[in-house]
Amino acid sequence: MSGGTTIALALFLPLAGAFGMVLVGRWPNLREGVTLVTAIALFLIVSSLYGPVTEGVRPSLALLSVAPGLPLVFEVEPLGMLFGLIASFLWIVNSVYSIGYMRAKQEHNQTRFYACFAIAISSALGVAFAGNMFTLFIFYEVLTLSTYPLVTHAGTPTALKGGRTYLGILLFTSISLQLVALVGTWAVAGTTDFADGGILTGTASDLVLSALLLLYVFGIGKAALMPFHRWLPAAMVAPTPVSALLHAVAVVKAGVFTVLKVALYVFGLDLVRTLAAGEFLTYVAAATILLASLIAMRQDNLKRRLAYSTVSQLSYIVVGAMMANGVAVMGAGLHLLMHAFAKITLFFCAGAIDAAHKTKEISKMRGIGRAMPFTMAAFFVASMSIIGLPLAGGMWSKWYLALGSLESHHYVVLGALLISSLLNIAYLLPIPVRAFFASDEERGVWGTGIKEAPWLCVGALGFTALASVALFFFPGPFYRLLSLIPGLGS
Amino acid sequence: MIAQFVSQHLLALQVVLPLIAAPVCVLLRRPTLSWLFALVVTWVCFAMSVALLIRLEGVGTIVYEMGGWPAPWGIEYRIGMTSAIVLVIVSGIGSVVMPYAKASVTAEIDPARHYLFYTCYLLCLCGLLGVVATGDAFNLFVFLEISSLSSYVLIALGRDRRALTAAFQYLVMGTIGATSIVIGIGLLYLVTGSLNMADIAARLPEPDTNRTVLVAFAFLGLGAALKLALFPLHVWLPAAYTHAPSAVTAFLAATATKVGVYILLRFIFTVFGASFAFTAMPLDAMLLALAVAAMFVASAIAIFQNNVKRMLAYSSVAQIGYMILGIGLATTGGVAAGLIHLFNHALMKGGLFMAIGCVFLRTGSVRLESMGGIARTMPWTMAAFVLGGLSLIGVPLTVGFISKLYLIRASFEAGLWHFGVLVVLSSLFAVAYIWRVVETAYFREPTAEAARATEAPLSMLLPTWVLVGACVYFGIDAELTVDTAFRAATALMQANP
């Protein structure tokens, strides 16, 4: 099978799956079967591209030309490969978890849920494999729209309000900023194709290029750079599997992935380093890291706390992209992976607690470790990865980011990274610690025996927690994959 | 024999056919018969305009002398790329609305008057096609009046009694517009002694020395602005669109204002010439200012409408602003962007008005309050509305996105980048007003009307989806649109009178 066919198949399969889910929607077992089969098949297809990509090939596919000079093209380069692997792999895990969760909560409209999910995954892969900024933008927008029904799934006034914020901010940023940047790029460079070393160097004055960079990075609202981060906490009205895969992995990662793509292939790292806007954005991202962590500390709703934590962690990647040296971008790329596994685990845990005990507030979770030992243990492991402690994968990305900040003498960023790690400890670790080390009285609330969430949920979250640990010991393949990008690595 | 005859007189037949056909509807009298007849006529008209567009390939212009009298003595029909596009839009929309009209007209208009509807519809079509095809200034005025008078009648056919006042308002405003056009033409005749547009262009004296020409330009500009509902001369439009029968609204919204834009283009570029309009006269600055005002004010008003038809009408005023913005940029890219949007907007607004017409058929109301939860009972209709709405917002893979892309690019290339920013900012208003409808239709509990409603008949759904499908198709494969529009714009900019 040629690379192009594989790409087409990877984009098409989830859509076909969505169609199949609607067809067999009346029989839940069959429908979930379709979901799982589609997810597994998709991962196999996406991972079949891994071999060629590591050998330096960049499989590509030109679909059609939308307008003169604006073709729909796809090209799989190492970063996109990584993002594609993450999204398609975690979709399998998430589907397993969803089945347990959605049934335990007896949610309505489950068919719509699974179908929209599949469409969202397809568009996330479209973002991952896009060969030019135009194609990427199209799939970026489809991703926004296809996830809207998932955010408002509950249909309650709160959910609608959250959905409005979600759609409002994401469409505002993408249409009024990113689209302008896209057309600006097209106007000055005559193309929007991604190319090693960028396409903008020398095409316009530094002022114009700086403006474009600002429009891009703020316009990629999914990267949740402050002040455009509020959609992410608002999206927490969604069912937890949505928050887990989309708002910890697919959607937000599509955002920071786009930032990385823009830095690497539209501007080129050398250009980003020389632009004043790059410097400015570095500090905006550093501020976001700290402010979001501080806000996270004040949240009692577990999902909201995790959402702000995500805002903070996403800016690690933006900061890496904007410091624009090989080591920092390597750290940013690895963080894409490490944070995905850790954060999805944390969200899975939040959902499991909700499904088993209908508890959403952190203050009410004291002593829950007795009833949910596996969940809370997984929570502990994932927290370590977010903080960046050894024995969890998160350490590597922070390591490279810190090295990168030293290399380009961004000591402020280094400080922000260190303080943020401390803040992470302060807002994450107390949750599992208090769950296990509580007074007998607090523990008594949860009864005597173990009362975990459905085993499908626990299995899924245990698996991703273990994967976080495994990534500490075996980051090699991913490091090597990213080193294939010219200018990356040491 | 016949084929040769048709081929020879294609351009004339395009206009004459609906003109002859209109009175036949009166003779046929019976609702179904006259509908069937009108249907065939509109489809033949569409086929002819497509044939003309194809024939134009490689020729550049097609000229036809009425009765064999050469211009400037006789009336000359003359079409170029721009006119050919507008012909296709007008006759295309006309032929898509026709099958839709059957069910809608049966529900909304007294059966005794059905034949009148089809007669006026064909007359209106004839008028709009004639305006576009003719190369004679006075003839243009005549056709404009044919289309206007018949559209007053069409609007007044609405069952709501407010349709009468709406039609009257449009009559007054439209007459002012037509009068100022005829005054402008008269002044040009005074100066040049000719009514043939190409001839006038050739005979026009050095414009800045002749005050009569300046006044003629102003009158023609005013008349065209009224006809195309350029802000702030748009007040007739919302009332007319709101109270007219659904089929009429869909047809007029997608064609009448587009022909208004065409009249503006025709006079600016082929009679007076771009250099006169934009250098000697400050038309570009005026157009840009009014376009921006339309984009923002009309969009803002649209957000606060509870009548969905009125909301879409205000949205039309805003969208016309985009077309005028493109023209006002006074570059090839800008005019092309305006033309691209002219085509695209016809598709999406036609589709949207048709979708809302389906809702009206089933619930008897187009107010937002009564549309709660309607997506459950009318899923196909509302899905069409959502797609049309996404086009209006300018989401990728829809035609609205293509329009926006080229408008922004044109403003960048003209060095007026702030207009590009204004375009995107104003398109955010569309998100607000479209999403109010989407939320109501999809997430509210069904109202009594909505729960009782059933899906619209296939005869209405199919045409609606044809237009909405075209919104998506031409959003994915825009090469044809973009290419044609650029060729038309290049021809317009080079037209050197």
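Computed from a prediction, not measured in an experiment: that's the story for all the values here. The residue numbers shown here count from 1 along each chain, following its written sequence. As they are written, the chains are lettered A onward and the ligands numbered 1 onward, keeping that order. The predicted origin of the model limits local features to residues at a pLDDT of at least 70 and limits the giving and counting of side-chain atom pairs to 80 or more, whereas totals for whole chains, interfaces and linings rest on all residues.

Participant: Mind showing me how you'd approach the overall build of chain A here?
Facilitator: Runs of H or I in DSSP of at least four residues are treated as helices and runs of E of at least two as strands, each being numbered from the N terminus. Looking only at helices and strands, chain A has 21 helices and 2 strands in total. Computed over the C-alpha atoms, the radius of gyration of chain A is 21 Å, within 12% of the 23 Å expected from 2.2 N^0.38 for a compact globule of 490 residues. Dimensions along the principal axes, computed over C-alpha positions, put chain A at roughly 70 × 55 × 45 Å. This radius of gyration counts C-alpha atoms alone. The globule rule is 2.2 Å times how many residues there are, raised to the power 0.38.

Participant: Looking at this structure, I do not really get the overall build of chain B. What am I missing?
Facilitator: The number of helices and strands found in chain B is 22 helices and 2 strands. Against the compact-globule benchmark of 23 Å for 497 residues, chain B has a radius of gyration of 21 Å, which places it among compact chains. Overall, chain B is about 65 × 55 × 40 Å in size when its C-alpha atoms are taken along their principal axes. Across chain B, contacts joining residues at least 24 apart in sequence account for 80% of those joining residues at least 6 apart. Note on contacts: residues are paired as contacts if their backbone-placed C-beta atoms lie within 7 Å.

Participant: Which parts of the structure should I look at to understand the interface of chain B and chain A?
Facilitator: By convention, interface size is frequently given as the accessible area that disappears when the constituent parts associate. If you look at the interface, chain B gives 26 residues, while chain A gives 23 residues. For the side of chain B that touches chain A, the secondary structure elements donating two or more residues are helix H18 (399-413), helix H19 (417-443) and helix H22 (479-494) of chain B. Looking at the side of chain B that touches chain A element by element, the count peaks at 10 residues for H19 of chain B. Basically, the charged four are Asp, Glu, Lys and Arg, the nonpolar ten are Ala, Val, Leu, Ile, Met, Phe, Trp, Tyr, Cys and Pro, and anything else, Gly included, counts as polar. Taken together, the residues of the side of chain B that touches chain A break down into 17 nonpolar, 3 polar and 6 charged.

Participant: I'm lost on unusual backbone geometry in this one. Help?
Facilitator: Most peptide bonds adopt trans geometry, and most residues besides glycine take a negative phi value. Omega for the peptide link from Met226 of chain A to Pro227 of chain A comes to 10°, which places this bond in the cis form. Along the polypeptide, Pro227 of chain A turns up in the loop between helix H8 (206-219) and helix H9 (231-234). Geometrically, the link from Phe231 of chain B to Pro232 of chain B is a cis peptide bond, its omega value of 0° lying close to zero. Residue position: Pro232 of chain B is located in the loop between helix H9 (211-227) and helix H10 (236-243). In this model, Ala224 of chain A sits at a positive phi of 55°, which is unusual for a non-glycine residue. Phi is positive for Leu391 of chain A, close to 75°, though the residue is something other than glycine. Positionally, Leu391 of chain A belongs in the loop between helix H15 (373-387) and helix H16 (394-407). Working definition of burial: number of other C-beta atoms within 10 Å of the residue's own, with buried at 20 or more, exposed at 12 or fewer, and partly exposed in between, all C-beta atoms being placed from the backbone. The exposed category is assigned to Leu391 of chain A, around which 12 C-beta atoms lie within 10 Å.

Participant: Sorry if this is basic, but what is going on with helix H11 (residues 246-272) of chain B here?
Facilitator: Because an α-helix completes one turn every 3.6 residues, residues spaced three or four positions apart along the sequence face the same direction. Residue and element names in this part refer to chain B. Given the number of residues in a helix, its expected span is that number minus one, multiplied by 1.5 Å. An ideal rise of 1.5 Å per residue puts 39 Å on 27 residues; H11 measures up with 38 Å between its terminal C-alpha atoms. Given a residue, its bend is the angle between the two axes fitted to the seven residues that end at it and to the seven that start from it. The largest bend in H11 is about 40°, located at Leu252. With 27 of 27 residues buried, H11 is to be regarded as a mostly interior element. Looking at the residues trailing H11, positive phi occurs at Gly273, about 90°.

Participant: Hey, could you run me through the confidence of the model for chain B in this one?
Facilitator: Should the pLDDT be low somewhere, the predicted coordinates at that spot are not to be read in detail. pLDDT is a per-residue confidence score from the predictor, ranging from 0 to 100. In this model, chain B carries an average pLDDT of 88, and 99% of its residues clear a pLDDT of 70 or more. For this predicted complex, the interface score ipTM comes out at 0.78, alongside a pTM of 0.86.

Participant: Just checking my understanding: could you explain the environment of Ala38 of chain B for this structure?
Facilitator: Residue and element names in this part refer to chain B. With respect to the helices and strands, the residue Ala38 is situated in helix H3 (residues 31-56). Taking the C-alpha atoms as reference, Ala38 lies 37 Å from Tyr406; in sequence the two are 368 residues apart. Among residues more than four places away in sequence, those in contact with Ala38 are Cys25, Met98, Tyr118, Tyr121 and Leu122.

Participant: In this structure, what is going on with the environment of Leu246 of chain A? I would like to understand it.
Facilitator: All names here are of chain A. You can see Leu246 is positioned in helix H10 (residues 240-267). Here the alpha-carbon distance between Leu246 and Leu150, two residues 96 residues apart in the chain, equals 9.5 Å. Excluding anything up to four places from it in sequence, Leu246 contacts Ala120, Thr147, Leu150 and Val251.

Participant: Explain the pairing of strand S2 (residues 76-79) of chain B to me, please; I cannot follow it from the model alone.
Facilitator: On any regular strand, side chains alternate: one points to one face of the sheet, the next to the other face. Residue and element names in this part refer to chain B. Every second residue of S2 is oriented toward a common face, with Glu76 and Arg78 on one face and Tyr77 and Ile79 on the other, all of them buried. Two strands are counted as paired when DSSP detects at least two bridges linking them. As paired elements, strand S1 (residues 62-65) and S2 share 4 bridges and run antiparallel to each other. Within S2, the position partnered with Ile62 by the bridge is Ile79.

Participant: What's the story with the environment of Leu17 of chain B in this structure? I'm lost.
Facilitator: Residue and element names in this part refer to chain B. Here Leu17 shows up in helix H2 (residues 10-28). For Leu17, a count of 20 C-beta atoms within 10 Å gives the class buried. On a C-alpha basis, the gap between Leu17 and Cys45 in space is 7.6 Å, while along the polypeptide they are 28 residues apart. Sequence-distant contacts of Leu17, defined by excluding residues within four places in its chain, comprise Val41, Val44 and Cys45.

Participant: Before we go on, may I ask you to explain the packing of helix H4 (residues 78-105) of chain A against helix H20 (residues 455-473) of chain A in this structure?
Facilitator: All names here are of chain A. Helix axes are fitted only over the stretch in contact, all axes being lines through C-alpha atoms; the angle between N-to-C directions runs from 0 to 180 degrees. Two numbers describe how H4 lies on H20: the axes approach to 7 Å, and their chain directions differ by 150°. Looking at the two axes, H4 sits roughly antiparallel to H20. With respect to the hand of their crossing, H4 and H20 are arranged in left-handed fashion. Listed contacts from H20 to Val93, Val96, Tyr97, Ile99, Gly100 and Tyr101 of H4 are Leu456, Cys457, Gly459, Ala460, Leu461, Phe463 and Thr464. Residue composition of the contact of H4 with H20, by class: 10 nonpolar, 3 polar and no charged. For classification purposes, angles smaller than 35 degrees are called roughly parallel, those larger than 145 roughly antiparallel, those between 65 and 115 roughly perpendicular, and all remaining angles oblique. Each crossing is labelled by how the near helix is turned from the far one, with a counterclockwise turn of less than a right angle marking it left-handed and a clockwise turn marking it right-handed.

Participant: Help me out: how do you make sense of the packing of H9 of chain B against H11 of chain B in this one?
Facilitator: In a pair of packed helices, the angle between the axes and the distance between the axes together describe the arrangement. Residues and elements named next belong to chain B. Two elements in contact, H9 and H11, have axes whose closest approach is 7 Å; the angle formed by their N-to-C orientations is 160°. Taken together, the axes of H9 and H11 are roughly antiparallel relative to one another. Crossing hand, H9 versus H11: left-handed. Taken together, the residues of H11 that come into contact with H9 (itself represented by Phe217, Leu220, Ala224 and Lys227) are Gly260, Ile263, Leu264, Phe267 and Phe272. When grouped by side-chain class, the residues that make up the contact of H9 with H11 number 7 nonpolar, 1 polar and 1 charged.

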